Amino acid sequence: MFRTSSILPGLLLGALLLLAAWAPSARAADAWAPFESLWFEHVTVRDGLPHSTVTSIVQDRHGLVWMGTFGGLVRYDGHRMQVYSEDPDETRGLPDVYARTLLPLADGSLLVGTNAGGLVRHDPRDGRFLRYPVGGPGGTADAKIFALAAARDGGVWIATEAGVDRLDPASGRIAAVPGPGEVPGMARRTFTVLEDRDGALWVGGDTGLFVRRAGSDRFVAAADGQPAAAAAALREQVWALHQDRAGRLWVGTGRHGVLRIATDGRAVLPPGLGGDGPISRRTVRSILELDDGEVWIATDGAGLVTVQPDGRVRAVRHDPALQSSLPGDITRAVFQDRSGLVWIATEVGAARHDPGARGVFSMLASPLQDTTLSDPNVHTIFVDPRGRIWLGEGMGRIDVLDLAAGRLHRIALTGGQAGRDVQAFVIGPDGAVWAGAQGIARIDPETFAVTPGLLPDLEGRLILSMQRDGERVLIGSYDGVHRYDMRSGRLEQFLGDPDDPRTLAGNQVRAITRLDGRWWFSTTTGASIADLDRGEFVTLRHDPDDPATLPQNYTGAPVEDGRGRVWMPTFGGIGVGIRTPGRGDGWRFDRIGGDEGLSNLKVNALLLDDAGDAWASLANGLARIDGATLQAQDLGARDGLRVASYVHRAAARAPDGSLLFGGLGGLTVVRPGTHPGERERLDVPLAITGLRFDDAALPADALPAAGGALAVPAGARSLHVDFALLDYRTPAEIRYAYRLVGFDDAGWTQVPRGAPPTATYTNLPSGTYTLELRATVRGLHGGAVVEGVEVEVAPHWHETLPARLAMAVLVAASLFGIFHLATLVQRRRARRLERLVRHRTRDLQAANARLDTLASTDELSGLLNRRRFLQLAEAERRRAMREGAGFALLLIDLDHFKAINDTWGHPAGDAVIAAAGARVAAACRADDHVARYGGEELIVCLPGAGAATALAVAEDVRRTIAASPVDYSESGTAIRITTSVGVAVWHAPDEALAALLQRADRALYAAKRAGRDCVVAAD
């Protein structure tokens, strides 16, 4: 239990001096710490938030994230948002759009404290809200709710504008807590409340912090008996309370930063958190201890402050130059979800940070910080004899990282090298650092003074690579290799001759490497192993007829492992070579490519770690290759990878063993020991987060869990299943697919990249199926999750057994009557009966045709449904393959369709879809296939169409729809609609339909990004 005692106030240090004083201890723990910026993913109004200001973030028992905002309540599964807004006409709706505070309960319901509407409870059984009374016996003290906190016995504490209340969730009873407004000095206005592990109740409000001890019925001021500085702070506004694992109470104030009350009752102002620290005179809104013991503090205007277990303090602020920084400095809440992600509520949306993704991180460029890059493009990396890391960057910029000192030195080249990309470094024979750009500059390693134009004969030439060879320097450029002798000043040049295999393999020399006493020159037309003193070259090139040669001729710097193998990066994969006497070039290579797991064959650079594994920078990311099995794994954002594209010259090992890769966007650092298994493997739920039969949505508690069952009622025309992997680390990198076993014979249906994962089926025949959902996550710590739900589709009335028996009896009786009449009537009646049978046969065929049409037609639009369209499109693709013809797809999306539904209602939206479908069909040819693809998306297959025809039809469709508003008779309103169209022409002869659909989808999203109401063709 906390006890009050008297202590001497400590000396408070300024934030900047404090950070400087703690820097040595930070470096001892992690040399890269001063250079690592926290990476935040943002959730904004563009993602569906109803308002940019987020006030509270929690996670319910199903794993879904809820956010309170100034504009409503949000339920979020990582891909889609369900927004609850105020509805004055709905007694069980949200009474106020300003949701201040949230608290999930064990039964799956959610308490929402609003700014002016009191306390409400979201019921997952029907998706509606229960409003608690305001004022009087059994009601909250005021309609403005500042905070909600769990009580140890399952109750809930409520901090309001006019006092503290306690809710019993089981009975729904609310009781006032005596004290606020009654105890001397204790104001009624309370901002925060907390019951500690010993049962003491702490209340922070307008006049400070008060506590009611366990077993007592009276509040006392927490400032009593405290040192003067702490007592003064505890008598000011208190907005945030948190008890850490050690039992200490953290107190966030309105003007004095943060105090900490130890278990013995002593209150202190920790260094850097009060006085003149970075958060003094800023309201502290939220405090949270993370799973690793680090404490995060959210402030109103000073961003975040983090406190390490050893006391080190770090300020985290918004940086306008970094899109990955904290989105804003006004922060309102900190929350850690079950997977360890930290969520921040800010005035410009929500942000999330993965504190576990530290094996890989990126250094980024910003002019506003001293430890960020000068330019985002890192073209080369060099480690000098002192262990300093030199980064050659774009625009003539050089950054020198001194890990031992925790400092970064910035250099700008001058003269002929100014503004040119720096692509090579070497220590010259004079001990200076030579920097290759357009020409060579000399840099003093002590003063960092720059001397441009070191070698006049090379001035103006683009320098690609350099290496030291005793008193000489080898220099690679677009004009072969130059060798400069420092003693004599002589400059030699070695050029390649395509007709002479004994010369340099090519004249664009991308890398120079020393392996086993010989120089290797990597060019764009092969690699050469050379003895320059003798002028002898052995050329290694790709031979299509010999799989044991290099995978491709565009080569990078080779590396040699401890097994005597040479790894060669190429633009056709990785060649792993061993010396093979008797072969023409003396080497035999095994290829590592797509079959081994490389997602991209354009390999820029390779590095080996201490475990003997190789790490490769690719055109689209990084990969790790197991040195024993030669199997590759991509890295992803889940691992900490943020830079998307890399440069072939930019790779080096840091003095601490970290692997460094330069890219177009920053420097990627792979910390030593990063490997699969360092973090938990993929173990998160793949859940159904929404379910609709036709337009009727099921409440949350009715959604089936994994392995459960789903009953589709008779008469339901369509089934829409929203699902998501409830792992919020990298939702953009998750790939989804689904299939209905017993119905989808074609296999998995891939969800287009960027589209919310939804499984949609229409006109399902009765029967029992299994809906399988799959989520695949990229990265060392990725994997695949597959879940299944049994789907029972109830039969229509005509498919039931009694109906079928009745029909059988009716048919039998009719046949008997016909046969009996045939024996009694004359031949004329027999002929008449024969005609009647023929008519009935035609009627039956027509009925069957109508049933087939119903099974193939979308009820709303009258167009083909998705299933029938895919069958016809696949048939068209096979016909095109047989006949050598072509065809094209148009993927059409109605722009701003959600706004139509929100403005005029879903019936208006249905009318718009039907009208748009009719106009698209009218604009197409008789043999074209027009379908509703799903939601507000339409799709057209144009048999025999090339690019010109497809674009002309698409433009005609776009103009026709834009020029013809839809008359909605219910409101007498003409609704103007526009469309975005993606056009994809089939790439003969073997492009799959799924690939064609993906290209059309990418073109559609390009049209959306281009401003909508336009046509974009896929490449």
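Residues numbered from 1 in each chain as written. Predicted model: local features only at pLDDT ≥ 70, side-chain atom pairs only at ≥ 80, totals over all residues. Heavy atoms only, no water.

Chemist: Help me out: how do you make sense of the overall build of the chain in this one?
Modeler: When its secondary structure is counted, the chain shows nine helices and 72 strands. With the C-alpha coordinates aligned to their principal axes, the bounding extent of the chain is approximately 125 × 95 × 50 Å. Here the chain holds 1019 residues, and the buried ones make up 53% of them. In the chain, once contacts between residues fewer than 6 apart in sequence are set aside, the share between residues at least 24 apart is 55%. About 43,200 Å² of surface is accessible on the chain, with carbon and sulfur atoms providing 51% of the total. Taking the 110 positively charged and 122 negatively charged side chains of the chain as two groups, their mean positions are separated by 3 Å. (Helix = DSSP H or I, 4+ residues; strand = E, 2+ residues; numbered from the N terminus. Buried < 20%, exposed > 50% of the residue type's maximum accessible area, 1.4 Å probe, protein only. Contact = heavy atoms within 4.5 Å. Areas by Shrake-Rupley, 256 points an atom, 1.4 Å probe, with all protein chains shown as cover. Lys, Arg positive; Asp, Glu negative; His and termini not counted. Charge placed at Lys NZ, Arg CZ, Asp CG, Glu CD.)

Chemist: I tried to follow the confidence of the model for the chain on my own but got confused; where do I start?
Modeler: Caution applies to low-pLDDT regions: their predicted coordinates should not be interpreted in detail. Here the chain averages 90 in pLDDT, and 94% of its residues register 70 or above. A low-confidence stretch, residues 1-28 stays under pLDDT 50, and its non-local contacts, those more than four residues away or across chains, total 67 contacts. (pLDDT = per-residue confidence, 0-100.)

Chemist: I would appreciate a short explanation of the pairing of strand E52 (residues 621-625) in the present structure.
Modeler: Two faces belong to every sheet, and in a regular strand the side chains alternate between them. The buried fraction of E52 is high, at five of five residues. Judged by which residues are buried, E52 turns out to be covered on both faces: Gly621, Ala623 and Ile625 on one side and Leu622 and Arg624 on the other are all buried. Here strand E51 (residues 614-618) pairs with E52 via five bridges, running antiparallel. Its bridge partner being in E52, tryptophan 615 is matched across the sheet by arginine 624. (Pairing = 2+ DSSP bridges.)

Chemist: What is the right way to read the UniProt feature "transmembrane region" (unreviewed entry) in the chain from this model?
Modeler: As recorded in UniProt, the feature "transmembrane region" (unreviewed entry) lies at residues 805-825. As annotated, residues 805-825 has a helix share of 95% and a strand share of 0%, and its two end C-alpha atoms lie 30 Å apart. (UniProt positions renumbered as here; feature names shortened; annotations may be inferred.)

Chemist: In this structure, what is going on with the sheet that holds strand E59 (residues 709-712)? I would like to understand it.
Modeler: Hydrogen bonds between backbone groups are what pair the strands of a sheet, and the pairing can be parallel or antiparallel. The five strands lie next to each other as E59-E65-E64-E61-E62, forming an open sheet whose pairing is mixed. At either end of the open sheet lies a strand with only one pairing partner, and these are E59 and strand E62 (749-750). Note: E59 against strand E65 (residues 783-793), four bridges, orientation parallel. Counted as the bridge partner of alanine 709 is glutamate 790 from E65.

Chemist: Any chance you could explain the pattern of salt bridges here in plain terms?
Modeler: For side chains of opposite charge, pairing can occur when their charged atoms come near one another. Counted according to the given criterion, the structure contains 62 salt bridges. A salt bridge links arginine 358 to aspartate 30; the nearest nitrogen and oxygen atoms lie 3.0 Å apart. Taken as a pair, arginine 358 in the loop between strand E28 (349-353) and strand E29 (360-363) and aspartate 30 in the loop between helix H1 (15-29) and strand E1 (41-43) lie far apart in primary sequence, 328 residues in all. The class for arginine 358 is partly exposed, based on a relative accessible area of 37%. Under the relative-accessibility criterion, aspartate 30 is labelled buried at 15%. Taking the shortest distance from any N to any O, the salt bridge between arginine 386 and glutamate 446 comes out at 2.0 Å. Within this pair, whereas arginine 386 is found in the loop between strand E30 (378-383) and strand E31 (389-393), its partner glutamate 446 is found in the loop between strand E36 (439-443) and strand E37 (450-451), the two being separated by 60 residues in sequence. Among the residues examined, arginine 386 registers a relative accessible area of 48% and is labelled partly exposed. Sharing partners across several salt bridges, the network here consists of Arg472, Arg483, Arg490, Glu492 and Asp533. (Salt bridge = Lys/Arg side-chain N within 4 Å of Asp/Glu carboxyl O.)

Chemist: Where do I start with the packing of aromatic side chains in this structure?
Modeler: The geometry of an aromatic ring pair is captured by the separation of the ring centres together with the interplanar angle, meaning the angle of the planes. One pass over the structure, following the stated rule, counts 27 aromatic pairs. Considering the side-chain rings of tryptophan 390 and phenylalanine 448, the 5.9 Å spacing of their centres and the 55° angle between planes classify their relative orientation as tilted. A residue pair is termed long-range when its members are at least 10 positions apart, and tryptophan 390 in strand E31 and phenylalanine 448 in the loop between E36 and E37 qualify at 58 residues. As far as the burial class goes, tryptophan 390 and phenylalanine 448 line up, both buried. Ring pairs connect the aromatic residues Phe723, Tyr736, Tyr738, Phe743, Tyr761 and Tyr769, which therefore count as one cluster. Positioned above the aromatic ring of tryptophan 157 is the side chain of arginine 166, whose terminal nitrogen or guanidinium carbon lies 5.7 Å from the ring centre. The ring of tyrosine 933 has arginine 866 sitting right over it, with the charged end atom 4.3 Å from the ring centre. (Phe/Tyr/Trp six-rings, centres within 6.5 Å; stacked < 30°, edge-to-face > 60°. Lys NZ or Arg CZ within 6 Å of the ring centre and 35° of its normal.)

Chemist: What exactly am I supposed to notice about the pairing of strand E26 (residues 331-336) here?
Modeler: Along E26, six of the six residues are buried, which leaves the element largely enclosed by surrounding structure. Sheet analysis places E26 next to strand E27 (residues 342-346), joined by five bridges and oriented antiparallel. Among the inter-strand pairings, phenylalanine 335 is bridged to a residue of E27, identified as tryptophan 343. In textbook terms, the turn of a hairpin is the stretch between consecutive antiparallel strands, and for E26 and E27 this stretch comprises five residues, one of which, glycine 340, has a positive phi near 100°.

Chemist: What is the right way to read a positive patch on the surface from this model?
Modeler: Where like charges cluster on the molecular surface, the positive patch consists of Arg827, Arg828, Arg829, Arg831, Arg832 and Arg835. With respect to the element layout, arginine 835 can be found in helix H4 (residues 827-856). (Patch = residues over 30% accessible without salt bridge, like charges linked within 9 Å, V, L, I, M, F, W, Y side chains within 5 Å.)

Chemist: What is the right way to read the packing of helix H7 (residues 906-923) against helix H8 (residues 947-962) from this model?
Modeler: In a pair of packed helices, the angle between the axes and the distance between the axes together describe the arrangement. Where H7 meets H8, the axes come as close as 9 Å, and the angle between the chain directions of the two elements is 140°. Comparing their axes, H8 and H7 come out oblique. Pair H7 / H8 crosses with right-handed handedness. Of the residues in H8, those in contact with Ala916, Arg919, Val920 and Ala923 of H7 are Asp956, Val957, Thr960 and Ile961. In terms of residue class, the contact of H7 with H8 is made up of five nonpolar, one polar and two charged. (Axes fitted to C-alpha atoms, helices over the stretch in contact; angles between N-to-C directions. Parallel < 35°, antiparallel > 145°, perpendicular 65-115°, else oblique. Left-handed = near helix turned anticlockwise from the far one by under 90°. Nonpolar A, V, L, I, M, F, W, Y, C, P; charged D, E, K, R; others polar.)

Chemist: What exactly am I supposed to notice about helix H6 (residues 897-904) here?
Modeler: In an α-helix, one turn spans 3.6 residues, which is why side chains three or four residues apart end up on the same side. Those residues of H6 not exposed but buried are Phe897, Ile900 and Asn901. Looking down the long axis of H6, one finds its buried residues gathered within 95° of arc, a one-sided arrangement. Projecting away from the buried face of H6 at angles above 90 degrees are the exposed residues Lys898, Asp902 and Thr903. Check the buried side of H6 and you find it contacts strand E66 (887-894), H7 and strand E70 (973-975). (Arc of directions from axis to C-beta.)

Chemist: In this structure, what is going on with the environment of proline 756? I would like to understand it.
Modeler: Relative to the helices and strands, proline 756 is located in the loop between E62 and strand E63 (758-762). Take proline 756: its relative accessible area is 40%, and that puts it in the partly exposed class. Between the alpha carbons of proline 756 and histidine 648 there is a distance of 36 Å; along the sequence they are 108 residues apart. In this view, proline 756 contacts His79, Arg80 and Val751; residues no more than four positions away in its chain are not counted.

Chemist: Is there a simple way to think about the environment of glycine 254 in this case?
Modeler: Note on placement: glycine 254 falls in the loop between strand E19 (249-253) and strand E20 (258-261). On the basis of relative accessible area, glycine 254 is assigned to the buried category, the value being 8%. Between the C-alpha atoms of glycine 254 and glycine 208, which are 46 residues apart in sequence, the distance is 9.5 Å. Not counting chain neighbours up to four residues away, the residues in contact with glycine 254 comprise Gln237, Trp239, Arg281, Arg282 and Thr283.

Chemist: How should the sheet that holds strand E32 (residues 397-402) be read in this particular structure?
Modeler: Strands sit in the order E30-E31-E32-E33 across an open sheet of four strands; the sheet is antiparallel. Both outer strands of the open sheet, E30 and strand E33 (407-412), are each paired with one neighbouring strand and no more. Direction aside, neighbouring strands of the sheet carry axes that sit 20° apart on average. Of the pairings in the sheet, the one linking E32 to E33 comprises six bridges and is antiparallel in character. What sits directly across from leucine 401, in E33, is leucine 408.

Chemist: Just to check I follow, could you spell out the side chain of histidine 648 for this structure?
Modeler: Take histidine 648: it is sitting in strand E54 (residues 646-653). Among the polar contacts made by the side chain of histidine 648, one reaches the side chain of arginine 510 at a distance of 2.9 Å. Here histidine 648 is in contact with Arg510, Asn604 and Ala605, once residues within four sequence places are set aside. (Polar contact = N/O pair within 3.5 Å; in protein donor to acceptor, adjacent residues only side chain to side chain.)

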